Every structure is written in structure tokens, then in C-alpha cells.
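Coordinate inspection notes
If you want the building blocks of each chain, they are given just below.
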Amino acid sequence: VEVFQAWCGPCKPVVNLFQKIRNEVGSNLLHFAVAEVDSIDALEKYRGQCEPVFLFYTGGELVAVVRGADAPLLQKTILKHL
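Residues numbered from 1 in each chain as written. Predicted model: local features only at pLDDT ≥ 70, side-chain atom pairs only at ≥ 80, totals over all residues. Heavy atoms only, no water.

Summing up its helical and strand segments, the protein chain has two helices and four strands in all. Taken from N to C terminus, the helices and strands of the protein chain fall in the order β-α-β-β-β-α. The principal-axis extents of the C-alpha atoms in the protein chain amount to approximately 35 × 25 × 20 Å. By residue count, 30% of the 82 residues in the protein chain fall in the buried class. Long-range contacts, defined as pairs at least 24 residues apart, comprise 49% of the intrachain contacts of the protein chain with a sequence gap of at least 6. For the protein chain, the accessible area works out to roughly 5200 Å², and carbon and sulfur atoms hold 53% of it. Across the protein chain, 8 positive and 9 negative side-chain charges occur, with their mean positions spaced 7 Å apart. (Helix = DSSP H or I, 4+ residues; strand = E, 2+ residues; numbered from the N terminus. Buried < 20%, exposed > 50% of the residue type's maximum accessible area, 1.4 Å probe, protein only. Contact = heavy atoms within 4.5 Å. Areas by Shrake-Rupley, 256 points an atom, 1.4 Å probe, with all protein chains shown as cover. Lys, Arg positive; Asp, Glu negative; His and termini not counted. Charge placed at Lys NZ, Arg CZ, Asp CG, Glu CD.)

Put into C-alpha cells, the structure is as follows:
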């Protein structure tokens, strides 16, 4: 889940990275979503940051958090948790 604030919007280059990885590993294993922190109370702790935050869930549990649009780290984290 990419967590972003309305004033900076989601990170579009990362969407392309997720789509590439999803095509490589299969569409049933990887799902990508975006969430605006200003409209979701449960994400309040991520407000006030100028960098995107990526939350990784497996089986409904938060398993990793990556701050910033670091493509190599995002890819490594995705592949580790698949």
C-alpha cells in the first residue's frame, strides 16, 4: 500500500515498478493499492511527511515499511515477502 498525502500525490514511477514485478511473478501474488493519509484515521501517524511510505502486508499483517521511493529497496522488499 502506497501511503501519500493529497498535496504531493502518489509516486507514479513506483507504480510502474510494481506493475513490472507483478508481471514477472504473477498477478495473484502481488496487489498494489494507494491510500491518502488525510482521509484514513488509521494512517494518521504517516501524516506530515513529504516522502511516500510503502506498507507491505502478508496475510493481513504489516510485515515491512519502506520510506521513500527507493526502487531497489522496494523491489528487494517485495521479492523477500512474496
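This paragraph deals with the pairing of strand S3 (residues 53-58). Pairing geometry for strand S1 (residues 2-4) and S3, over two bridges, is antiparallel. Following the sheet pairing, Glu 2 is matched in S3 by Phe 54. Hairpin connection between S3 and strand S4 (residues 61-67): a loop of two residues separates the two successive antiparallel strands, and Gly 59 in this loop has a positive phi of roughly 60 degrees. (Pairing = 2+ DSSP bridges.)

To continue, consider the packing of aromatic side chains. One pass over the structure, following the stated rule, counts two aromatic pairs. Taking the centre distance of 6.2 Å and the plane angle of 35 degrees together, the rings of Phe 18 and Phe 54 count as tilted. Within this pair, whereas Phe 18 is found in helix H1 (residues 12-25), its partner Phe 54 is found in strand S3, the two being separated by 36 residues in sequence. In terms of burial, Phe 18 and Phe 54 fall into one category: buried. (Phe/Tyr/Trp six-rings, centres within 6.5 Å; stacked < 30°, edge-to-face > 60°.)

The subject of this paragraph is the confidence of the model for the protein chain. In this model, the protein chain carries an average pLDDT of 85, and 98% of its residues clear a pLDDT of 70 or more. Taken element by element, the protein chain is modelled with least confidence in S1, mean pLDDT 82, and with most confidence in S4, mean pLDDT 93. (pLDDT = per-residue confidence, 0-100.)

Let us look at helix H2 (residues 71-81). Those residues of H2 lying buried are Leu 74, Thr 77 and Ile 78. Projection of H2 onto a plane perpendicular to its axis shows the buried side chains occupying an angular sector of 100 degrees, all on one side. Residues of H2 that are exposed and angled more than 90 degrees away from the buried face: Pro 72, Lys 76 and Lys 80. On its buried face, H2 is in contact with H1, S3 and S4. (Arc of directions from axis to C-beta.)

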